[in-house]
Amino acid sequence: MSTKILVTGATGTVGRALVTELAADPAGPRVLALVRDPAAVLPPRVEPVRGDLTDPASFAAAVEGVTAAFLLWPFGTADGFGAVLDVLARHARRVVYLSSAARRPAEREIERMVRRSGLEWVILRPHQFAGAALRWAADPRFLAEGVVAEPYGKSAAPPIHERDLAEVAADALTGRGPAGVVHELTGPETLTQAEQVRIVGEAAGRPARWEERPPEEGRRRLVAAGWPAEVADGVLRARAELVDSPWPVTPRPGARSFRAWADEHAHRFRATMRAARLHAYGDPSVIRHDEVPIPAPGPGEVLIKVAGTSFNPSEAGLRSGLLAAAVPEFAGLPLPYVLGWDVAGTVVETGPGVGRPRVGDEVVGRLDGGAAASYALAPARVLVRAPHGVALADAAAIPVAGLTAWQAVHEHAGIGPGQRVLVNGAGGGVGGFAVQLAKLAGATVIATAGSARSAARARACGADEVVDHRTDPLPGGLDALINLVPLDPADGAGLARLVRPGGVLVSATVPVEAPPGVTAIRFVARNDAAHLAALAALAEEGRLAVDVAERLPLTELAAVHRRAEAGTATGGKIILLP
């Protein structure tokens, strides 16, 4: 029988992490989410089931065939839980109940009912959620001054990452974990509230500290925020007990630390970020480093903490206004415009409807601007997993240059074994990838270079022969020629004569007129996630070297533009670190 899993609370912190985990495998279980609003935005492959836990009849028919259920009971008493359990017991073999380490009276009663239900059962008892720290992100004083003013700063607990909890729940629901067990779940280390504040501040790049306040003041604030008085008293009593008796650490192997959680959520604890923006077209002095709001991902988007972006010479044309005049799609860019087309970084937030990538995934992609910043928005569909074995920031060298080289070699030139190929401009970022890809395709590769440094880079990329185009004649009889440098018509015609009849000349810069019998193609590389994934796989396997010439802070971007225009930029890719 196929596995069909129902998840309650699927739009909450734990539930969303759980349905994302369950739905990540296309060959995995069928995942249903019980929601009151059928328009609730869920990850792909998660099916909404309309219903209300207070009215089990509202979803009784929809859950026919469910084999396992995750139950989160958001009410203060166990009243009504038995009726929900009865509906599920008609179909399900197993239930996983999210209790808590506190084991409040309602939770104790529900645990008893689950154990006696006749179903296979698993009970999860997490202690403090790492996500509880998000309350500080909504505190105006924390945002303004980096201060958390609450009682019991020495209250200590081992906070658990919601994704760890989701993974345990997924194992239990799919049968990968045993039934009849109670999981006491914590993070890997005990931290006081004050230590958590400090770590959150470090992740957000700002000083943060705890300011101890009397318990009475804390109670007044909780009650004023709408907490029932008895609940506020219970919370404060529990915090007081954890000052002298912290909860013991019982983590699962590989449990994520609170610092890892804080790094993923750092953007929630700061209001702004730095971004390199154009407010007008002109010389490199028009690049400004602005403090701007951190954007929120919309449907189909993710927010990336940028590890690195890279400089592309065409961005100098964009900045100057030449690209807008020559290429229609760049003619109406709204200003101010955040530079940066290549991005590599870590996903820290996903928008509605995104199943992959997930929070915490390291990704690489080509954007339509926006990567020259601390954080960048990206459509999820253009991103691929960053290659292991390549420094994450360095992976930003791949998208624009790699896609241009891939499409030149494979789509337009169709290079194959035994062909003689010349790469004109092999010392640049695109050229280095083109030489390697042509060699991987089985061709004999001749590279042009205008300096000893460029020649060395071309040889390191595997070129069989390197020709100094300033002093030496270029060979003829080529099966294919890939041009990556700007040319005047006379130089272009000279290059075209090097290609044999039936051969092809591919130019990624200017159109080149070819003689009869020679196919001439001028192209602009397009964004293609499948091609990018293939490039990342080659880099991960060690078959494609990522040639990084320099790593500079993003604040040096204008200087890099000046060097590029002066012709003094180093060959290879320049990585910019926010």
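Everything numeric in this text was worked out from a predicted model, so none of it was measured.

Caption draft 1: Examining the sheet that holds strand β25 (residues 519-522) more closely. Spatial ordering of the open sheet is given by β22-β21-β20-β23-β24-β25, a layout of six strands whose pairing is parallel. Looking along the sheet, the strands with just one partner apiece sit at the ends: β22 (465-468) and β25. Averaged over all neighbouring strand pairs, the angle between strand axes comes to 15°, with direction disregarded. One ladder, built from five bridges, connects strand β23 (residues 478-483) with strand β24 (residues 499-507); its direction is parallel. Each bridged residue has a counterpart across the sheet, and for Ala 480 the counterpart in β24 is Val 504. Across the face of the sheet, helix α14 (residues 429-440) comes into contact with β20 (420-424) and β21 (444-449) while running at roughly 165° to β21.

Caption draft 2: Layout of the sheet that holds strand β3 (residues 46-50). The seven strands are arranged β3-β2-β1-β4-β5-β6-β9 in an open sheet whose pairing can be described as parallel. Two strands in the sheet have a free side with no partner beyond their single neighbour: β3 and β9 (181-185). Between one strand and the next, the sheet's axes are offset by a mean angle of 20°, whatever the strand orientation. Pairing geometry for strand β4 (residues 68-71) and strand β5 (residues 94-98), over four bridges, is parallel.

Caption draft 3: Representation of the nonpolar core. Ranked by internal contacts, the top residues of the largest apolar core, which has 52 residues, are Ile 415, Val 423, Val 435, Leu 437, Ala 447, Val 466 and Leu 535. Of all the elements in the fold, those that place two or more residues in this core are α13 (399-412), β20, α14, β21, α15 (452-460), β23, β24 and α17 (529-540). Formed by 29 residues, the second largest nonpolar core is a distinct cluster that contains Val 14, Val 35, Ala 68 and Val 96.

Caption draft 4: Spotlight on the pattern of salt bridges. Throughout the structure, instances matching the rule amount to 39 salt bridges. In this structure, Arg 141 engages Glu 145 in a salt bridge whose closest nitrogen and oxygen atoms are separated by 3.4 Å. Within this pair, Arg 141 and its partner Glu 145 are both found in helix α5 (residues 140-145), separated by four residues, close to a single helical turn. The salt bridge involving Asp 290 is made with Arg 288; its shortest N-O contact spans 3.7 Å. According to the relative accessible area criterion, Arg 288 is partly exposed, its value standing at 43%. Through salt bridges with shared partners, a single ionic network connects Arg 141, Glu 145, Arg 209, Glu 211, Arg 213, Glu 217 and Arg 221.

Caption draft 5: Just the side chain of Arg 366, in detail. Its place among the elements puts Arg 366 in strand β17 (residues 362-366). Within polar-contact distance, the side chain of Arg 366 engages the backbone oxygen of Ala 525 at 3.2 Å. With residues up to four places along the chain from it excluded, the contact list for Arg 366 reads Trp 341, Val 382, Pro 399, Val 400, Leu 403, Ala 525, Arg 526, Asn 527 and Leu 532.

Caption draft 6: Spotlight on the environment of Ala 405. Along the chain, Ala 405 turns up in helix α13. The class for Ala 405 is buried, based on a relative accessible area of 1%. For the pair Ala 405 and Gly 567, spaced 162 residues apart in sequence, the C-alpha separation works out to 22 Å. Aside from chain neighbours lying at most four places away, what touches Ala 405 is Val 430, Phe 433, Ala 434 and Leu 437.

Reading guide: rules and limits
- The written sequence of each chain sets the order in which its residues are numbered from 1.
- Local features in this predicted model are restricted to residues of pLDDT 70 or higher, and side-chain atom pairs are both shown and tallied only at a pLDDT of 80 or more, whereas totals for entire chains, interfaces and linings draw on every residue.
- For the side-chain quantities, the full set of heavy atoms in the structure was used; hydrogens and water were omitted.
- One requirement defines pairing of two strands: DSSP has to find at least two bridges between them.
- Working definition: helices are DSSP H or I runs of at least four residues, strands are E runs of at least two. Numbering for both runs from the N terminus.
- Note on geometry: axes are C-alpha line fits, over the in-contact stretch for helices, and angles between N-to-C directions span 0 to 180 degrees.
- Contacts are assigned to residue pairs with any non-hydrogen atoms lying within 4.5 Å of each other.
- Only buried residues count toward a nonpolar core. Its members are Ala, Val, Leu, Ile, Met, Phe, Trp, Tyr and Cys residues joined through side-chain atoms within 4.5 Å.
- When accessible area is computed with a 1.4 Å probe and restricted to protein chains, residues below 20% of their type maximum are described as buried, those above 50% as exposed, and intermediate ones as partly exposed.
- When a carboxyl oxygen of Asp or Glu is within 4 Å of a side-chain nitrogen of Lys or Arg, the pair counts as a salt bridge.
- Any pair of nitrogen or oxygen atoms within 3.5 Å is treated as a polar contact; in protein, a donor-acceptor pairing is required on top of that, and neighbouring residues in sequence qualify only through side-chain atoms on both sides.

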